[in-house]
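Spelled out from the first residue to the last, the chains are:
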Amino acid sequence: MQERTLEVLEYEKILEKVASQARSSVIKNKILNLAPMTDADEIKEELENTAQMVGVISRFGNIDLFGLYDFTAMIGYVRKRGILEPYELLQVNDLLRVSEYLKNYGKDIEEVYIKDLFSRISTNDFIKKEIERSIISEDEIADNASSELRNIRRQKARKEADIKAKLNSYISSDRYDDALQDKVVSIRDGRYVVPVKTNKKSVIGGIIHDKSSSGNTLFVEPAAIVELNNQLKDLELKEEDEIRRILDRLSRFVEKFDVEILENQKLIGRIDFLAAKAKFAINNEYTKPKITTDKIIKLNQARHPLLTGKVVPIDVIIGGDYKTLIITGPNTGGKTVSLKTVGLISLMAQTGFYIPAEENSIVNVFDDIFVDIGDTQSLEMSLSTFSASLTKIVGITENASPNSLVLLDELGSGTDPSEGAALAISILDYLRKKEIMTFATTHYSELKYYAVETDGVMNASVEFDVNTLSPTYKLKIGTPGKSNAFEISRRLGLDESILKSAQNLLGEDTKNVNKILDEIEESKEEIQAKNAEIDRYKLQIQKAKRDLEEKSKEVEKQRAAIIIQAEDKANEILEKANTESQEMLKEAKKSKNANTSDIDRSLNNIRNKYKSSKIERKQKGLRIGKSDDAPEDLKLGDIVIIEGINERAEVISEPDNKGNIKLQMGILKMDSNIKNVTKIEGDSKTEKNIQKVYNAKKAMNISPTLDLRGQRYDDAMRNLDKYLDDAMLAGLSKAKIIHGKGTGALINGVTENLKNDKRIADFRLGDDKEGGYGVTIVSFD
């Protein structure tokens, strides 16, 4: 994309606005270095991902991200057995805290892509608690970081108390009043000292560590506390060694979690990036554009995103029958703003941002955007405005392709009007023949003629209100701008005779143009009024149609209900007659003179008549018929309609040599034949494919470690079983199951499950470096 285009259209200001929504400096810098994309599929995917994040934040609120740093160098250092400083471990802890927060935030997310990002984040409560327990701040390690550190610090405190007590005996004793410069205890070179007058150093024997700038005071470590100071120094060295050991221990924990930390960094960065774009869209009420490569731009109520105050939106349509739009109108009327709006919105869409326009706006993907906008003179090259503009146009004609967008402001201005107009027409015609989508603004009437007479070119104008003598900033497609000089002059009070004389001086061509423009304006207003009336009729017809369909459905329901009610009533009467008849015949059989064989025949006749007379409710059966459009072949995952029952099903086995197939219809699996189905492109197929892709991505990025500590036994076993499935799908050869030592319940449960699992080739407890019997190492087939 042209650097000059990005500069002229102020693209970097849009990046700054989006970057201000990001929480981490890493992502802010990434956004500030974004560039428009030129691959339509990539742009659509990025916009869809942004749309999903917009949906998530709209439902669940802003994502409170924190603790995102660049851990690349840090992880490289710990992998070389480096020891992290406290501030670095606190950064790791921040990452673990935000990871836990995001895990909880993402529990109820339904959007496939965003749900996948959140689900792939790894947490490690053990490392988080160890860091929180051990490190108080960047400069302080907690006493409870280890029992050894706690003991050393207690010994230090006692030793310091002994030293201070000993020194206090010097300060408080009258014997040393004359020798001491001041009755205070100081520290020099890490050792406790007292200030002694230079001429009295022999009074308090010991080691001199320093002297004052005046030379009158010596800082002396009395001989009586030298050994105590030595012992204190030794304890300080032990404390430093123990702190390094604690930091090394924590660093080794981080090293074992290195892959997950780097993956979390990427995932959380991606979430921050999408959240920044989503908040930018939500806060400004922007919409998702439709992306096309069909050379169409259709912007509904578009607004320039950098203008403040009340911004008049514009509708822009270009493409199809015309790819060149010539915009005319008064100065300060909004022509240049219209050009910049189209250009900047195109850049925003191609960066994957929502745009300041109404729903269903369409933006074309361009391989490049070329601009010649503004009154730019080149002082270095001593070029005039016209020369500077023409230099840019030469570059445009040489480099623009049929997939480029060209924006030209006041084309051909700065020179003789007749020559400028001729040159402008020639340039536009050159771009038109190359089928380059072009927006141009002009004051030349000749270009209005050119647009009217030339296929593929359309006039447009920025509206001017002669009553208020001010522009309305509205863009009107299909109508060239009129010169309002006479009308403005009249309203400002210019003598009518002067105006009449000026009109007589106009050439016939100009008069005809103005007359044609008036007629076009009148015709357009009539057409718009008729179109509005037609739209009203359409709405009325559609409403009437919907009402009739609803009434028809209701009548059908009532009819069906009446029939069912009548059938039920008839069956009830029949049932009652059947029962009473049989009861009477049974009673008759009990009579001494009864002819039982005749009675039995009568009973059978009544039963048969009852069965034949009973109204059976019609049920739809699975009567599969032959398809009129049977496919020649099918593959796994294809969606078909089963002929006869009109139900969708998925192909789960490819046809055999006789064309027999197996189908999945909901939870029902069934046999069929390729002759009995019609292949369709199901809406759900794309979603399924997307889901499969995301599942595959999830599997590819699965952690080689599963941490079960702190989980209830049943939950841990379920999570273990799910993890083994994911690990197998990811193709892991080995995995580490962390269950801790604890009571042994989790160890036993993991062992029992792994013993009987056919997916497992081998398993063993970890060695000392791997975590001992607090972990189990699993090898897959």
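- Under the annotation held in an unreviewed UniProt entry, the chain carries the name Endonuclease MutS2 and is attributed to Anaerococcus octavius.
- Looking at the Sequence similarities (unreviewed entry) heading of the UniProt record, one finds this comment for the chain: "Belongs to the DNA mismatch repair MutS family. MutS2 subfamily."
- For the chain, the Subunit (unreviewed entry) comment in UniProt is given as "Homodimer. Binds to stalled ribosomes, contacting rRNA."

1. Some remarks on the packing of helix α6 (residues 86-105) against helix α10 (residues 223-256)
When two helices pack together, their arrangement is given by the angle between the helix axes and the distance between those axes.
So, step 1. Relative to each other, α6 and α10 sit at 35°, their axes nearing to 11 Å. You can see that α6 and α10 cross each other, and the crossing is left-handed. Each of P86, L89 and V92 in α6 lies in contact with α10, whose residues at this interface are L247, L250, S251 and V254.
So, step 2. A class-by-class count of the residues in the contact of α6 with α10 yields six nonpolar, one polar and no charged.

2. Structural notes on unusual backbone geometry
So, step 1. In this structure, R81 takes a positive phi of about 70° despite not being glycine.
So, step 2. Here R81 lies in the loop between α5 (72-78) and α6.
So, step 3. Exposure remark for R81: the relative accessible area of 53% places this residue in the exposed category.
So, step 4. Despite not being glycine, K295 shows a phi value in the positive range, around 60°.
So, step 5. With respect to the secondary-structure elements, K295 resides in the loop between β7 (290-292) and β8 (296-302).

3. Considerations on the layout of surface pockets
So, step 1. Space inside the largest pocket adds up to approximately 1200 Å³.
So, step 2. Forming the walls of the largest pocket are 38 residues, and the residues nearest its centre are K103, I121, S122, T123 and L706.
So, step 3. Mapped by element, the contributors of at least two residues to the lining of the largest pocket are α6, α8 (125-134), α11 (258-284), α20 (683-700), β22 (705-707) and α21 (713-730).
So, step 4. Each residue belonging to the lining of the largest pocket can be placed in one class, and the counts come to 11 nonpolar, 11 polar and 16 charged.
So, step 5. A domain split of the lining of the largest pocket shows at least three residues from each of domain 1 (3-124 + 257-284) and domain 6 (705-780).

4. What to know about the sheet that holds strand β24 (residues 760-765)
So, step 1. On the basis of which strands lie adjacent, the open sheet formed by four strands has the order β22-β23-β25-β24 and mixed pairing. Of all the strands in the sheet, just β22 and β24 have a single pairing partner and so form its edges. Ignoring strand direction, the axes of neighbouring strands in this sheet form an average angle of 20°.

5. As for the environment of L65
So, step 1. Considering the arrangement of structural elements, one finds L65 in the loop between α4 (40-60) and α5.
So, step 2. For L65 and G269, which are 204 residues apart along the polypeptide, the C-alpha to C-alpha distance reads 9.5 Å.
So, step 3. In contact with L65, not counting residues within four places along its chain, are R23, V98, L102, I268, I271 and D272.

6. Quick word on the environment of K80
So, step 1. Among the secondary structure elements, K80 is positioned in the loop between α5 and α6.
So, step 2. Judged by its relative accessible area of 72%, K80 falls in the exposed class.
So, step 3. Taking the C-alpha atoms as reference points, K80 and E255, separated by 175 residues in sequence, lie 9.2 Å from one another.

7. Thoughts on the sheet that holds strand β4 (residues 191-197)
So, step 1. With respect to topology, four strands assemble into an open sheet ordered β3-β4-β6-β5, the strand pairing being antiparallel. Sheet topology places β3 (186-188) and β5 (206-211) at the edges, where each strand pairs with a single neighbour. In this sheet, neighbouring strand axes are inclined to one another by 50° on average, regardless of whether the strands run parallel or antiparallel.
So, step 2. Strands β4 and β6 (217-222) of the sheet are contacted by helix α9 (residues 147-172), whose axis makes an angle of about 10° with β4.
So, step 3. Relative to the sheet, α10 contacts β4, β5 and β6, its axis offset from that of β6 by approximately 75°.

8. Remarks on the confidence of the model for the chain
So, step 1. Residues of the chain with pLDDT of at least 70 account for 82%, and the chain-wide mean is 81.
So, step 2. Ranking the elements of the chain by mean pLDDT puts α20 last, at 47, and strand β11 (residues 362-364) first, at 96.
So, step 3. Every residue in residues 375-382 scores below 50 in pLDDT, and together they form 11 contacts with partners more than four places removed in sequence or on other chains.
So, step 4. Note on residues 683-697: pLDDT under 50 across the span, and 14 contacts to partners over four residues away in sequence or across chains.

9. Let's talk about the pattern of salt bridges
So, step 1. Per the counting criterion, the structure on display carries 39 salt bridges.
So, step 2. In this structure, the salt-bridge partner of E242 is R245, at a minimum N-O distance of 2.9 Å. Taken together, the residues E242 and R245, both in helix α10 and three residues apart, mark about one turn of the helix.
So, step 3. Residue classification places R245 among the partly exposed positions, given a relative accessible area of 41%.

10. Description of the pairing of strand β13 (residues 404-408)
So, step 1. Among the five residues that make up β13, five are buried, leaving the element largely enclosed by the rest of the structure.
So, step 2. Burial along β13 is two-sided: the residues S404, V406 and L408 and L405 and L407 are all buried.
So, step 3. Here strand β12 (residues 368-372) pairs with β13 via five bridges, running parallel. Each residue of the ladder has a partner; that of D372, found in β13, is L408.

11. Observations regarding empty space enclosed by the protein
So, step 1. Following the criterion strictly, the structure yields one cavity of 30 Å³ or more and no others.
So, step 2. Each pocket or cavity is described by its volume, and for the largest cavity that value is around 50 Å³.
So, step 3. Forming the walls of the largest cavity are F386, S389, L390, I393, L411, G412, S413, L423 and I427.
So, step 4. Residue assignment for the lining of the largest cavity shows that the elements contributing at least two residues are α13 (385-399) and α14 (417-433).
So, step 5. Of all the elements, α13 adds the most residues to the lining of the largest cavity, at four residues.
So, step 6. Of the residues that constitute the lining of the largest cavity, the class distribution is six nonpolar, three polar and no charged.

12. Some points on the packing of helix α2 (residues 11-19) against helix α3 (residues 25-32)
So, step 1. Axis separation between α2 and α3 bottoms out at 8 Å; the angle between their running directions is 160°. Our classification of the angle between α2 and α3 gives roughly antiparallel. When the axes of α2 and α3 are compared, the crossing they make is right-handed. Between α2 and α3, the contacting residues are L15, E16, V18 and A19 on the first element and K28, I31 and L32 on the second.
So, step 2. Residues that form the contact of α2 with α3 fall into these classes: five nonpolar, no polar and two charged.

13. Observations regarding the nonpolar core
So, step 1. Judged by nonpolar contacts, the single largest core of 100 residues is most densely connected at M53, I63, L102, I114, I271, L299 and F439.
So, step 2. The element that contributes the greatest number of residues to this core is α11, accounting for 11 residues.
So, step 3. Beyond its immediate stretch of four places on either side in the chain, L102 contacts I63, L65, F118, I121, I268 and I271.
So, step 4. I326, A421, L431 and L447 belong to the second-largest nonpolar core, a separate cluster that totals 20 residues.

Conventions adopted
- Residues numbered from 1 in each chain as written.
- Predicted model: local features only at pLDDT ≥ 70, side-chain atom pairs only at ≥ 80, totals over all residues.
- Heavy atoms only, no water.
- UniProt positions renumbered as here; feature names shortened; annotations may be inferred.
- Axes fitted to C-alpha atoms, helices over the stretch in contact; angles between N-to-C directions.
- Helix = DSSP H or I, 4+ residues; strand = E, 2+ residues; numbered from the N terminus.
- Left-handed = near helix turned anticlockwise from the far one by under 90°.
- Contact = heavy atoms within 4.5 Å.
- Nonpolar A, V, L, I, M, F, W, Y, C, P; charged D, E, K, R; others polar.
- Buried < 20%, exposed > 50% of the residue type's maximum accessible area, 1.4 Å probe, protein only.
- 1 Å grid on protein atoms, 1.4 Å probe; cavity = no way out; pocket = protein on both sides within 12 Å on 5 of 7 lines; lining within 4 Å.
- Points joined across faces, edges and corners; volume = space filled by probe spheres on them.
- Domains from an automatic or database assignment.
- Pairing = 2+ DSSP bridges.
- pLDDT = per-residue confidence, 0-100.
- Salt bridge = Lys/Arg side-chain N within 4 Å of Asp/Glu carboxyl O.
- Parallel < 35°, antiparallel > 145°, perpendicular 65-115°, else oblique.
- Core = buried A, V, L, I, M, F, W, Y, C linked by side-chain atoms within 4.5 Å.

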